Amino acid sequence: MFGPSQQDGGPELIQLLTPEGERVHHPDFDMEFTPEQLRGFYRDMVMVRRIDTESTALQRHGELGIWAQLLGQEAAQVGAGRALRPQDFVFPTYREHGVAWCRGLDPLKLLGLFRGVDHGDWDPEEYNFGLYTIVIGAQTLHATGYAMGMQRDGAVGTGDPERDAAVIAHFGDGASSQGDVNEAFIFAASYNAPVVFFCQNNQWAISEPIERQTRIPLYQRALGFGFPGVRVDGNDVLATYAVTQAALQRARDGQGPTFVEAYTYRMGAHTTTDDPTRYRLSGDVESWKLKDPISRVEAYLRRNGLADSAFFGEVAGEADDLGARLRDGVKALPDPRPLDIFDAVYDETTDELREQHDEFAAYLDSFEGSHA
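Keep in mind that what you see is a predicted model, and the values were worked out from it rather than measured.

Visitor: Hey, could you run me through the state of the cysteines in this one?
Guide: Two cysteines joined by a covalent bond between their sulfur atoms form a disulfide. Going through the model one piece at a time under the given rule, you end up with zero disulfides. Free cysteine: Cys102, not disulfide-bonded; nearest cysteine sulfur from Cys199 at 19 Å.

See the structure below:
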């Protein structure tokens, strides 16, 4: 162990709903939730988990080339996603399926990327949700630059809730060791950029445990760059929502960046090409199952009479319908046209590029119906 024990998140962990489904209060981040909000959080997480499990099964059946799992991280993503306003902008990694759900993306648009038939079939400006970023940590620089642009457009600190906007950049604990992320911290602090750095600390950078990545809790790194950091229970959707909402509002008000460390656990594999049994203990996984983000909300709803069996059955049925639609939809996704590799890459078509295009087209013509 290179630093202080972080096995339970430590006393600094902000929590509003315990693993047993009991409501607790926090002096700085407490808020009230309506029954509709609570049921909405539950539904979101169940649907997001179904997207994940269905996509994993599709990959196992050869329908997807790869899938980046989020099992166990539903609360971190739904809490952060629902804290956004329409004008806020999201820069995701390749695992933010729950945030994409909250932004209204059809999950099939995500599956096209993992099936290999497109490079991300959605318009970032339509959803204020960027394309998935495969290069680890690169999106934090993009987010900081975009946030600085918001400042210059006068969309920060005006006091108009319909205008003031913020940016949120998602990344994992492993990405926090990348140079790009630390450079983004420097720029964000120097220019007081309206950006929230949201780190899902799921304990594993593929096979590297968190205690080998840092000597201190990740959220404390922010102080070295000159802006606040906070650690929240990433398996608690209520606390994640409250903390992210407060951090985004700081940014919208012109108070600069915040680092949010959502302390959670990756229950599945890093991707479907990974075998986590080779590097972690099954006992750790079992202990985190007791902190399941969906089970604790269900327990709270049932205990307080905020949802009945009919509601839970309805959500389960809706998830089944989504699963069936994904199974049918992914197989119906059209194959890409080979010549599309020449589109949307260069602003102008040069003579050399045109020659390459024509040569490739002639080659494809030798195969009947290859690029009709």
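Visitor: What exactly am I supposed to notice about the sheet that holds strand S6 (residues 229-233) here?
Guide: Backbone-to-backbone hydrogen bonds pair the strands of a sheet. The strands run either parallel or antiparallel. In spatial order, the strands read S1-S2-S3-S7-S6; together these five strands make up an open sheet with parallel pairing. Looking at the sheet topology across the chains shown, the edges are occupied by strand S1 (89-91) and S6. Averaged over all pairs of adjacent strands, the angle between strand axes in this sheet comes to 20°, irrespective of strand direction. Here S6 pairs with strand S7 (residues 258-263) via five bridges, running parallel. Looking across to S7, one finds that Asp233 is bridged to Tyr263. Docked against the sheet, helix H2 (residues 74-82) engages strand S2 (167-172), strand S3 (195-201) and S7, running at close to 165° with respect to S3.

Visitor: How should the pattern of salt bridges be read in this particular structure?
Guide: Pairs can form between side chains of opposite charge once their charged atoms are near each other. Taken as a whole, this structure holds 21 salt bridges when the rule is applied. Notably, a salt bridge pairs Glu12 with Arg231, separated by 3.7 Å at the nearest N-O pair. Within this pair, whereas Glu12 is found in the segment before helix H1 (35-60), its partner Arg231 is found in strand S6, the two being separated by 219 residues in sequence. Arg231 sits in the buried class, given a relative accessible area of 1%. Across the salt bridge formed by Glu318 and Arg43, the nearest N and O atoms sit 2.5 Å from each other.

Visitor: Help me understand unusual backbone geometry, please; the structure alone is not making it clear to me.
Guide: Leaving glycine aside, a negative phi is the common case for residues, and trans is the common case for peptide bonds. The backbone of Asn128 shows a phi angle near 50°, a positive value even though the residue is not glycine. Relative to the elements of secondary structure, Asn128 occurs in the loop between helix H5 (124-127) and helix H6 (138-152). You will see that Ile206, though not glycine, has its phi angle at about 55°, which is positive.

Visitor: Any chance you could explain the nonpolar core here in plain terms?
Guide: If you look at soluble globular proteins, the nonpolar side chains tend to sit buried side by side. Of all hydrophobic cores here, the largest spans 71 residues; its most connected members are Tyr42 and Phe129. Residue contacts for Phe129: discarding those within four places in its chain leaves Phe89, Val90, Pro92, Glu96, Val99, Ala100, Arg103, Leu105, Trp122 and Pro124.

Visitor: Can you help me understand the packing of aromatic side chains in this one?
Guide: The geometry of an aromatic ring pair is captured by the separation of the ring centres together with the interplanar angle, meaning the angle of the planes. Across all of its chains, the model carries 28 aromatic pairs by this definition. A ring pair is formed by Phe185 and Phe259, whose centres lie 5.8 Å apart and whose planes are at 80°; its orientation type is edge-to-face. Pair noted here: Phe185 is in helix H7 (residues 179-191) and Phe259 is in strand S7, with a separation of 74 residues, a long-range link. Comparing Phe185 with Phe259 shows no difference in burial state: the two are buried. Judged by centre distance (5.9 Å) and plane angle (35°), the ring pair of Phe197 and Phe227 falls under tilted. Placement of Phe197 in strand S3 and of Phe227 in the loop between helix H8 (221-225) and S6 is noted, with a sequence separation of 30 residues between them. The two residues Phe197 and Phe227 agree in class, both being buried. Site record: aromatic cluster; members linked through ring pairs are Phe171, Phe185, Phe197, Phe225, Phe227 and Phe259.

About the thresholds
- Residues numbered from 1 in each chain as written.
- Predicted model: local features only at pLDDT ≥ 70, side-chain atom pairs only at ≥ 80, totals over all residues.
- Heavy atoms only, no water.
- Disulfide = S-S within 2.5 Å.
- Pairing = 2+ DSSP bridges.
- Helix = DSSP H or I, 4+ residues; strand = E, 2+ residues; numbered from the N terminus.
- Axes fitted to C-alpha atoms, helices over the stretch in contact; angles between N-to-C directions.
- Contact = heavy atoms within 4.5 Å.
- Salt bridge = Lys/Arg side-chain N within 4 Å of Asp/Glu carboxyl O.
- Buried < 20%, exposed > 50% of the residue type's maximum accessible area, 1.4 Å probe, protein only.
- Core = buried A, V, L, I, M, F, W, Y, C linked by side-chain atoms within 4.5 Å.
- Phe/Tyr/Trp six-rings, centres within 6.5 Å; stacked < 30°, edge-to-face > 60°.

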